[in-house]
Amino acid sequence: MMPHVLTRSLDRSATVFLAVVAAVGVLIPLSNLLLPAGSMFQVPTYLVALFGKYVCYAILALAIDLIWGYCGILSLGHGAFFALGGYAMGMYLMRQIGSRGVYGNPILPDFMVFLNYPKLPWYWHGFDMFWFAALMVILVPGLLAFCFGWLAFRSRVTGVYLSIITQAMTYALLLGFFRNDFGFGGNNGLTDFKDILGFNVQADGTRAALFLLSCLALMITFLICRAVVTSKLGKVLIAVRDAESRTRFLGYRVESYKLFVFTLSACMAGVAGALYVPQVGIINPSEFAPGNSIEAVIWVAVGGRGTLVGAALGAVVVNYAKTFFTSGALAPYWLFMLGALFILVTLLLPKGIVGTFNAWWEPWRAQRITANAESAAREDGVSEPNPAE
């Protein structure tokens, strides 16, 4: 049943997107590992890690597009779910350091030794096992989203009010994780990772494998989103987005649909954060900053809200521009450029890059099909009926 649902949910653009991601996920690691360092086609290891970061951002953008583009839930706090998934993976990576840390303590991470922790906090237990950490990557963001969504949607908080309280949620987490007594490294966060599943996290092969896994996760996330939005559930979500009150009057439990998709989206964001941390090498409270969540919404708006492909494309395009412009003389002006980009897209391309392209392409394609059909009819000797006859 599931393969049939996934196959049915794919159209030409979705198939092309998956093919491109699969090709990139294979070719870039092979180029990095097999070609000599001086080759024109060899991708350096630092670029593999950078592209891997872009892919993780694309997963986060898909998670936001699922709730904003198809259900009308504008979350300005999805960076919190991304960061929680990252912290869960970071805790596992810290437990793998063992006695190789600066202070040589086989149990306590270095920051706990420095802060005179007498023993490992109870919520750190279990993170020495990868399966437990992987479970927490999904469970912690999902549980927070479920509790938050149950309270918010049950109270029928919508629109800008919901956006504000999601922003308040991530800001509260930012303040909490900044505290040294919170047990997560305070301002410095978690860093100095050594191994993941026994492999050196800094090795070229490990970097290439992480990039490949990130691309695979992007494809799986995209397939899940497509399966949701093309199903009967997706039609109800669109109805909630366009006319929530009318959908409720028709007998649908709107709160349950919104809660499900919000929780699913948070789990996807957690997975993106977990893949992000070993490739970047650090996770700290700045990932909870509300500005990061707002920036992620801009990715979706630029690429095209309600298109999925556009959300992923917007994440890559905007972050590539950020990398390019923040590495030169224009670095102090990047935030102004990002704001200007959002304003210009809102005014000139309100449907985003992909949405605007689709709005242009579909009528042209329909007109072309009609013209071809009329041409074929004339060649077969069939003409349009004359109304006067």
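Residues numbered from 1 in each chain as written. Predicted model: local features only at pLDDT ≥ 70, side-chain atom pairs only at ≥ 80, totals over all residues. Heavy atoms only, no water.

The protein goes by Urea ABC transporter permease subunit UrtC in an unreviewed UniProt entry, where it is assigned to Bradyrhizobium sediminis. Per UniProt, the protein has the following entry under Subcellular location (unreviewed entry): "Cell membrane". (UniProt positions renumbered as here; feature names shortened; annotations may be inferred.)

Draft legend 1. The arrangement of the overall build of the protein in detail. A count of helices and strands for the protein gives 15 helices and four strands. For the protein, whose C-alpha radius of gyration is 24 Å, the value lies close to the compact-globule estimate of 21 Å for 389 residues. By its C-alpha atoms, the protein is 95 × 60 × 50 Å across when sized along the principal axes. Classification of the 389 residues of the protein by burial places 45% in the buried group. Taking the intrachain contacts of the protein between residues at least 6 apart in sequence as the baseline, contacts between residues at least 24 apart amount to 77%. In the structure as shown, the protein presents an accessible area of about 20000 Å², 68% of it carried by carbon and sulfur atoms. Measuring between centres, the 25 positive side-chain charges of the protein sit 8 Å from its 19 negative side-chain charges. (Helix = DSSP H or I, 4+ residues; strand = E, 2+ residues; numbered from the N terminus. Rg over C-alpha atoms; globule rule 2.2 N^0.38 Å. Buried < 20%, exposed > 50% of the residue type's maximum accessible area, 1.4 Å probe, protein only. Contact = heavy atoms within 4.5 Å. Areas by Shrake-Rupley, 256 points an atom, 1.4 Å probe, with all protein chains shown as cover. Lys, Arg positive; Asp, Glu negative; His and termini not counted. Charge placed at Lys NZ, Arg CZ, Asp CG, Glu CD.)

Draft legend 2. Spatial organisation of the packing of helix 3 (residues 45–71) against helix 8 (residues 204–229). For the pair helix 3 and helix 8, interaxial distance at closest approach is 9 Å and the crossing angle is 15°. Taken together, the axes of helix 3 and helix 8 lie roughly parallel to each other. Remark: the crossing between helix 3 and helix 8 carries left-handed chirality. A breakdown of the residues in the contact of helix 3 with helix 8 according to their chemical character gives 19 nonpolar, four polar and two charged. (Axes fitted to C-alpha atoms, helices over the stretch in contact; angles between N-to-C directions. Parallel < 35°, antiparallel > 145°, perpendicular 65-115°, else oblique. Left-handed = near helix turned anticlockwise from the far one by under 90°. Nonpolar A, V, L, I, M, F, W, Y, C, P; charged D, E, K, R; others polar.)

Draft legend 3. Representation of the nonpolar core. The biggest cluster of nonpolar side chains holds 103 residues, and the ones touching the most others in it are W124 and L190. Here W124 is in contact with M91, M94, R95, P109, F111, M112, G183, F184 and L190, once residues within four sequence places are set aside. (Core = buried A, V, L, I, M, F, W, Y, C linked by side-chain atoms within 4.5 Å.)

Draft legend 4. Structural context of the packing of helix 3 against helix 13 (residues 309–325). Between helix 3 and helix 13, the least distance of the axes is 8 Å, while the angle of their chain directions is 135°. As judged from the angle between their axes, helix 3 and helix 13 are oblique. You can see that helix 3 and helix 13 cross each other, and the crossing is right-handed. Side by side, helix 3 and helix 13 meet where L50, Y54, Y57, A58, A61, L62 and D65 of the first sit next to A311, A312, A315, V316, N319, Y320 and T323 of the second. Along the lines of polarity and charge, the residues of the contact of helix 3 with helix 13 split into 11 nonpolar, two polar and one charged.

Draft legend 5. Local environment of helix 14 (residues 334–348). In this model, helix 14 (15 residues) spans 20 Å end to end at C-alpha, consistent with the 21 Å of a helix rising 1.5 Å per residue. Listed as buried for helix 14 are W334, L338 and V345. Each buried residue of helix 14 lies within a common arc of 45° when the element is viewed along its axis, so the set occupies one face. Away from its buried face by more than 90 degrees, helix 14 exposes F336, L347 and L348. (Expected span 1.5 Å × (residues − 1). Arc of directions from axis to C-beta.)

Draft legend 6. Spotlight on the packing of aromatic side chains. In the structure shown here, the tally under the stated rule is 26 aromatic pairs. Between Y87 and F288, the aromatic rings sit 5.9 Å apart at their centres with planes inclined by 25°, giving stacked as the arrangement. One end of the pair, Y87, is in helix 4 (residues 78–95); the other, F288, is in the loop between strand 4 (282–283) and helix 12 (290–303), with 201 residues separating them in the sequence. Measuring from centroid to centroid gives 5.6 Å for F153 and F262, while their planes differ by 90°, and the two rings are edge-to-face. Taken together, the positions of F153 in helix 6 (residues 130–154) and F262 in helix 11 (residues 254–280) put the pair 109 residues apart, joining distant regions of the chain. In this structure F262 comes out as buried when scored by relative accessible area, which is 1%. Taken together through their ring pairs, the aromatic side chains of Y87, F111, W122, Y123, W124, F177, F182, F184 and F288 make up a single cluster. (Phe/Tyr/Trp six-rings, centres within 6.5 Å; stacked < 30°, edge-to-face > 60°.)

Draft legend 7. Unusual backbone geometry, seen in detail. If you check the backbone angles, D192 has positive phi at about 60° while not being a glycine. Its location among the elements puts D192 in the loop between strand 1 (190–191) and strand 2 (195–196). Its relative accessible area of 35% is what places D192 among the partly exposed residues. In this model, L308 sits at a positive phi of 65°, which is unusual for a non-glycine residue.

Draft legend 8. Geometry of a nonpolar patch on the surface. The grouping of L313, V317, I343, L344, L347, L348, L349 and I353 at the surface amounts to a nonpolar patch, some 720 Å² of accessible area in total. Those elements that place two or more of their residues in the nonpolar patch are helix 13 and helix 14. Of all the elements, helix 14 adds the most residues to the nonpolar patch, at four residues. For L349, the position within the fold is in the loop between helix 14 and helix 15 (352–379). (Patch = residues over 30% accessible without salt bridge, like charges linked within 9 Å, V, L, I, M, F, W, Y side chains within 5 Å. Salt bridge = Lys/Arg side-chain N within 4 Å of Asp/Glu carboxyl O.)

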